[in-house]
Amino acid sequence: MSLQLDARQRAILGAMGLRLYEAVPPAQAAASVPSVRVAQTKPMPVAKAPAAPIAPMGSGAIELMEWDALAQAVAQCQACKLCSGRTNTVFGVGDTQADWLIVGDAPGEAEDLQGEPFIGPAGKLLDNMLKALGLDRNNKVYITNVLKCRPPGDRNPEPEELAQCEPFLRRQVQLLQPKIVLAMGRFAVQALLGTTEPIGKLRGRAHEYLGIPLVVTYHPSYLLRNLPDKAKAWADLCLAQQLVRAQG
Ligand code: URA
């Protein structure tokens, strides 16, 4: 699939460091984007969702909570040791009627201080990527992380922490019922698909989480360090958009 980009979108792609669609005509560019190959009408291989983890301690029936109760449960959660080091929990931000759910790994320092996901440099890149698709974090998009608390020193999340937090994410997905879940980063992928396969092997095709199409892509922080992979991430976003549009 080729997105027809207008001058503004090309400018935004330029700001992301992507020249893919500026350098070649859209039809040619589409031919070079892997999403063309992967967005087939044939059934695609679907990774299995992980087994339901143990519910966070004292959390009540998370699977029955509405938005306010869920946000409060997250704010009060003490299910793992991350609660002791946090300034704020980071529940999520955006449109609760969103078509797109974007799931990152874990809050960093800026997110912990402000209680909002993806507001540092990686968040700026994410915002630019969304703009290139005609989206923004408050319109048709909801952004959250697998972990709702910052791991100390931004270390990797531990399996126990991922397991304790997963029910919150699961409930967010159930409440949102988005048309697409975009998993950005290896811990997002691990929690949602229950696999430790590398992103390079999982991207470029549709997976599924709770019956909702899921696309895997690189984390924006990784893209800031690995500029050539931005073109692959753009192809993943195009695939995600194609899957959204296919649902009307
Ligand atoms: N990285 C993430 O995965 N999430 C954030 O909110 C910020 C950085």
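About the thresholds
- Counting of residues starts from 1 at the beginning of each chain's written sequence and follows it residue by residue.
- It should be noted that, the model being predicted, local features are given only for residues of pLDDT at least 70 and side-chain atom pairs only at 80 or more, the latter also being counted only at that level, while totals for whole chains, interfaces and linings use all residues.
- Values shown for side chains rest on all heavy atoms present in the structure; no hydrogens or waters enter the calculation.
- We define proximity as follows: a residue is near a molecule or strand when any one of its heavy atoms falls within 4 Å of that partner.
- Here a polar contact is recorded for every N or O atom pair within 3.5 Å, except that within protein the pair must consist of a potential hydrogen donor and a potential acceptor, and residues adjacent in sequence are included only if both atoms are side-chain atoms.
- Polarity classes work like this: nonpolar for Ala, Val, Leu, Ile, Met, Phe, Trp, Tyr, Cys and Pro, charged for Asp, Glu, Lys and Arg, and polar for all others, with Gly in that last group.
- We define a nonpolar core as any set of buried Ala, Val, Leu, Ile, Met, Phe, Trp, Tyr and Cys residues linked to one another through side-chain atoms lying within 4.5 Å.
- Throughout, exposure labels follow a simple rule: accessible area from a 1.4 Å probe, protein chains only, divided by the maximum for the residue type, with under 20% read as buried, over 50% as exposed, and the rest as partly exposed.
- Strands here are runs of E lasting at least two residues and helices are runs of H or I lasting at least four, both read from the DSSP assignment and numbered beginning at the N terminus.
- Throughout, a residue-residue contact means that at least one pair of heavy atoms, one from each residue, lies within 4.5 Å.
- We treat Lys and Arg as the positive residues and Asp and Glu as the negative residues; His and chain ends play no part in the count.
- The working definition used for a salt bridge is a side-chain nitrogen of Lys or Arg within 4 Å of a carboxyl oxygen of Asp or Glu.

**Student:** Kindly report on the site of the ligand, identifying the contributing residues and their values.
**Tutor:** Neighbouring residues of the ligand: G104, D105, A106, E111, P117, F118, N145 and H219. D105 has a polar backbone atom sitting 2.8 Å from an oxygen atom of the ligand. One nitrogen or oxygen atom from the main chain of F118 is found 2.8 Å from an oxygen atom belonging to the ligand. Along the lines of polarity and charge, the residues of the shell around the ligand split into three nonpolar, three polar and two charged.

**Student:** Describe the nonpolar core, naming the residues involved and giving the relevant values.
**Tutor:** Ranked by internal contacts, the top residues of the largest apolar core, which has 68 residues, are W100, I102, V103, I143, F168, L192 and L214. If you tally residues by element for this core, the top one is helix α12 (residues 230-245), at eight residues. For L214, the contacting residues outside a window of four places in its chain are I180, V181, A183, L192, L193, R205, A206, H207, E208 and Y209.

**Student:** Could you give an account of the side chain of D105, with specific residues and numbers?
**Tutor:** Within the element layout of this structure, D105 appears in the loop between β2 (100-104) and α6 (109-114). Look at D105: it is buried, it has no salt bridge, and the nearest opposite charge is R186 at 6.6 Å. With near-sequence residues (within four places) excluded, D105 lies in contact with N145, V146, L147, M184, G185, R186, F187, A188 and H219.

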